[in-house]
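Take a look at the letters that make up each chain.
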Amino acid sequence: MNSSRCAACKHLRRRCPSDCIFSPYFPANNPRRFAYVHKIYGASNVGKILQDLPVSRRAEAADSLYYEAYCRIKDPVYGCVGLITILHQQIYDAQCQLARIQAEIAALSSQSQSEVQQYRQDENVGPSFLPDQNGVPNSTSYYDISTWFD
């Protein structure tokens, strides 16, 4: 017999044997953990589940049973599925927002490129008062205004 009983044996008010299936997964310092699992699944069913699993998987199963039981107690209708649904909705909302922002960036980028192209075309069509790439004034930038004053 263990010197201190596990949470399951305390909750069930029984003696805790040395080979207790619950003691590694439901320690005495966390009695709520077993209380939630017992309330939803029952001690016998939890014992059978843990017994049927390999020892290497039992801790993970006990954690999963606890989490599912905790969620079911907090939300009796949906349990952990309600939380999963909320998270899926948040992921979907984030993906939609990302798609909208990417489309807006693409639109602004194409608009900016078309404005640059339009500016370059306008620059090539009309006279340019700016120097060319080498800093030499453009020959088309000179106007003979002497004919205006006759």
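Calculation notes
- Residues numbered from 1 in each chain as written.
- Predicted model: local features only at pLDDT ≥ 70, side-chain atom pairs only at ≥ 80, totals over all residues.
- Heavy atoms only, no water.
- UniProt positions renumbered as here; feature names shortened; annotations may be inferred.
- Helix = DSSP H or I, 4+ residues; strand = E, 2+ residues; numbered from the N terminus.
- Buried < 20%, exposed > 50% of the residue type's maximum accessible area, 1.4 Å probe, protein only.
- Contact = heavy atoms within 4.5 Å.
- Areas by Shrake-Rupley, 256 points an atom, 1.4 Å probe, with all protein chains shown as cover.
- Axes fitted to C-alpha atoms, helices over the stretch in contact; angles between N-to-C directions.
- Parallel < 35°, antiparallel > 145°, perpendicular 65-115°, else oblique.
- Nonpolar A, V, L, I, M, F, W, Y, C, P; charged D, E, K, R; others polar.
- Patch = residues over 30% accessible without salt bridge, like charges linked within 9 Å, V, L, I, M, F, W, Y side chains within 5 Å.
- Salt bridge = Lys/Arg side-chain N within 4 Å of Asp/Glu carboxyl O.
- Arc of directions from axis to C-beta.
- Phe/Tyr/Trp six-rings, centres within 6.5 Å; stacked < 30°, edge-to-face > 60°.
- Core = buried A, V, L, I, M, F, W, Y, C linked by side-chain atoms within 4.5 Å.

The protein chain has the name LOB domain-containing protein 23 in an unreviewed UniProt entry, where Sesamum angolense is given as its organism. As recorded by UniProt, the Sequence similarities (unreviewed entry) comment attached to the protein chain reads in full: "Belongs to the LOB domain-containing protein family."

A. Focus on the overall build of the protein chain. For the protein chain, the count of helices and strands is five helices and zero strands. Helices and strands in the protein chain line up, N terminus first, as α-α-α-α-α. Evaluated residue by residue, the protein chain yields a buried proportion of 20% over its 150 residues. Residue pairs at least 24 apart in sequence account for 38% of intrachain contacts in the protein chain once pairs closer than 6 positions are excluded. Accessible surface for the protein chain amounts to roughly 11600 Å². Of this, 54% is attributable to carbon and sulfur atoms.

B. Structural context of the packing of helix 2 (residues 31–41) against helix 3 (residues 43–52). Direction vectors running N to C along helix 2 and helix 3 enclose 100°, while the axes themselves pass 7 Å from each other. By the angle between their axes, helix 2 is roughly perpendicular relative to helix 3. Taken together, the residues of helix 3 that come into contact with helix 2 (itself represented by Phe-34, Val-37, His-38 and Tyr-41) are Ala-43, Asn-45 and Val-46. The residue makeup of the contact of helix 2 with helix 3, split by class, is five nonpolar, two polar and no charged.

C. Quick look at a nonpolar patch on the surface. Residues Tyr-67, Tyr-70, Leu-83 and Leu-87 make up a contiguous nonpolar surface patch of roughly 340 Å² in combined accessible area. With respect to the secondary-structure elements, Leu-87 resides in helix 5 (residues 80–125). On the accessibility criterion, Leu-87 (42% relative accessible area) is partly exposed.

D. Geometry of helix 2. All of the buried residues along helix 2 are Arg-33, Phe-34, Tyr-36 and Val-37. Seen along its axis, helix 2 keeps its buried residues to an arc of 160°; they face one direction. Exposed residues pointing more than 90 degrees away from the buried face of helix 2 are listed as Arg-32 and Lys-39. Buried residues along helix 2 sit in contact with helix 1 (7–12), helix 3 and helix 4 (55–74).

E. Looking closely at the packing of aromatic side chains. Counted under the stated rule, the structure contains six aromatic pairs. Taken together, a centroid distance of 5.5 Å and an interplanar angle of 65° make the contact between Phe-22 and Phe-34 edge-to-face. Taken together, the residues span a long stretch of sequence, with Phe-22 in the loop between helix 1 and helix 2 and Phe-34 in helix 2 at a distance of 12 residues. A relative accessible area of 0% places Phe-34 in the buried class.

F. Structural context of helix 3. If you check which residues of helix 3 are buried, you get Ala-43, Val-46, Gly-47 and Leu-50. The buried residues of helix 3 all sit within an arc of 100° when viewed along its axis, so they share a single face. Seen from the buried face of helix 3, the exposed residues on the opposite side, beyond 90 degrees, are Lys-48 and Asp-52. Considering only its buried residues, helix 3 is in contact with helix 1, helix 2 and helix 4.

G. Representation of the nonpolar core within the structure. Grouped together as the largest cluster of nonpolar side chains are 20 residues, with contacts concentrated most on Cys-6, Phe-22, Phe-26, Phe-34, Val-46 and Leu-50. Looking at this core, the elements with two or more residues in it are helix 1, helix 2, helix 3 and helix 4. Here this core takes four residues from helix 4, the largest share from any one element. Residues within four places of Cys-6 in sequence aside, it is in contact with Cys-16, Cys-20, Phe-22, Ser-23, Phe-26 and Ala-28.

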